[in-house]
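# Summary of structural features
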Amino acid sequence: MPAAGAAEFVPETREVAALAAAVQACRGCSLYQNASRAVFGSGPTRAEMMLVGEQPGDREDLAGEPFVGPAGRLLDRALHEAGLPRAPVYLTNAVKHFKFVRSESGQRRIHKTPSRLEVVACRPWLFAELEAVKPSVVVLLGATAAKSLLGNEFRITAHRGEVLQLPSDTVPETVREAKVTVTVHPSAVLRGPAEAREESFRSLVADLRFAGGLRPA
Ligand code: URA
Ligand code: SF4
């Protein structure tokens, strides 16, 4: 059966708490079947800055909070170095359920990149969050988040350090005023070769600082 998408599960309210409660009942794609729970965004219900990752990881799936595992710790450090405290930032993901495969022993759950179908299926939740939180700056962390909002052909490396606008063909008009920037995903810094890690961390910090500078004075 083709995934119908999340739209029919998203309530009309634009209150974050009500959206976060409703997402637990979403059956917009098949990812709810194996995950422990949906992980919605977290942070102030109105925030100047929203950061969008890919999907919850193993730790986030267990905790029910985004960015609490290793990638989250690296992101915290990067935000700190960029002069941006985490507390006023709203953190979320392009996809709300954890997609994984089991290791051969069955002991570990290994992250699997969500498909285009799943990313598009989940997008109505991200639109609803954007409408609720009304950030003036949105930072898309990594390819999944960038492609979710900017189109499947979008390539991050060609657009770092730019101020982008969300496209009018897919994104509701109500959220298109946000200034959008893209950078690497913190997991990419962790997974990259050791000798490149410091430089890739520095470039993440630089991109976050750039995005922070776009907030209204
Ligand atoms: N990676 C993400 O993209 N999001 C999380 O919440 C955790 C890890
Ligand atoms: Fe719904 Fe998104 Fe979960 Fe799929 S991943 S079931 S669309 S909340």
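In short, a report on the structure. (Residues numbered from 1 in each chain as written. Chains lettered and ligands numbered in written order. Predicted model: local features only at pLDDT ≥ 70, side-chain atom pairs only at ≥ 80, totals over all residues. Heavy atoms only, no water.)

To continue, consider the site of ligand 1. The immediate surroundings of ligand 1 are formed by G53, E54, Q55, P56, E60, P66, F67, A71, N93 and H185. In this structure, Q55 approaches ligand 1 through a main-chain N or O atom, which is 3.0 Å from a nitrogen atom. Between ligand 1 and the protein, one listed contact pairs an oxygen atom with a side-chain N or O atom of H185 at 2.6 Å. A total of 240 Å² of accessible area belongs to ligand 1 in isolation, and the protein chains cover 93% of it. The cavity where ligand 1 resides is the largest pocket. Here the residues of the shell around ligand 1 are counted per class, giving 4 nonpolar, 4 polar and 2 charged. (Near = heavy atom within 4 Å. Polar contact = N/O pair within 3.5 Å; in protein donor to acceptor, adjacent residues only side chain to side chain. Areas by Shrake-Rupley, 256 points an atom, 1.4 Å probe, with all protein chains shown as cover. 1 Å grid on protein atoms, 1.4 Å probe; cavity = no way out; pocket = protein on both sides within 12 Å on 5 of 7 lines; lining within 4 Å. Sits in = over half its atoms within 2 Å of the grid points. Nonpolar A, V, L, I, M, F, W, Y, C, P; charged D, E, K, R; others polar.)

Positive phi values are uncommon outside glycine, yet F67 reaches one of about 55°. Mapped onto the fold, F67 is located in the loop between α2 (58-63) and α3 (70-81). In this structure, K134 is a non-glycine residue whose phi angle is positive, near 50°. Among the structural elements, K134 can be located in the loop between α4 (116-133) and β5 (137-141). (Helix = DSSP H or I, 4+ residues; strand = E, 2+ residues; numbered from the N terminus.)

What follows deals with the pattern of salt bridges. Under the counting rule described, the total for this entry stands at 9 salt bridges. The residue D76 makes a salt bridge to R86 at a minimum N-O spacing of 2.8 Å. You can see D76 sitting in helix α3 and its partner R86 sitting in the loop between α3 and β2 (89-93), a full 10 residues away along the chain. Taking the shortest distance from any N to any O, the salt bridge between R202 and E81 comes out at 3.0 Å. With R202 in helix α7 (residues 194-212) and E81 in helix α3, this residue pair connects regions lying 121 residues apart in the sequence. If you follow the salt bridges from partner to partner, you end up with D58, D61 and R109 in one network. (Salt bridge = Lys/Arg side-chain N within 4 Å of Asp/Glu carboxyl O.)

Let us now look at empty space enclosed by the protein. By the definition in use, this model includes 1 cavity of 30 Å³ or more. In terms of lining, the largest cavity is formed by 14 residues, of which the most central are C26, G28, C29, H97 and C122. Classifying every residue of the lining of the largest cavity by side-chain character gives 9 nonpolar, 2 polar and 3 charged. (Points joined across faces, edges and corners; volume = space filled by probe spheres on them.)

Looking now at the layout of surface pockets. The volume enclosed by the largest pocket comes to roughly 740 Å³. The wall of the largest pocket is formed by 29 residues, among which A71, H111, H185, S187 and R191 lie closest to the centre. Within the residue set of the lining of the largest pocket, elements represented by two or more residues are α2, α3, β4 (109-111), α5 (143-150) and α6 (186-191). The element contributing the most residues to the lining of the largest pocket is α6, with 4 residues. Broken down by class, the residue content of the lining of the largest pocket amounts to 11 nonpolar, 11 polar and 7 charged.

Running from amino to carboxyl end, α3 crosses α7 at an angle of 55°, the nearest separation of the two axes being 8 Å. Here α3 lies oblique to α7, going by the angle between them. The two elements α3 and α7 cross, and the hand of that crossing is right-handed. Contact residues: α3 offers L74, L75, R77, A78, L79 and E81, while α7 offers F201, R202, L204, V205, L208 and R209. A breakdown of the residues in the contact of α3 with α7 according to their chemical character gives 8 nonpolar, no polar and 4 charged. (Axes fitted to C-alpha atoms, helices over the stretch in contact; angles between N-to-C directions. Parallel < 35°, antiparallel > 145°, perpendicular 65-115°, else oblique. Left-handed = near helix turned anticlockwise from the far one by under 90°. Contact = heavy atoms within 4.5 Å.)

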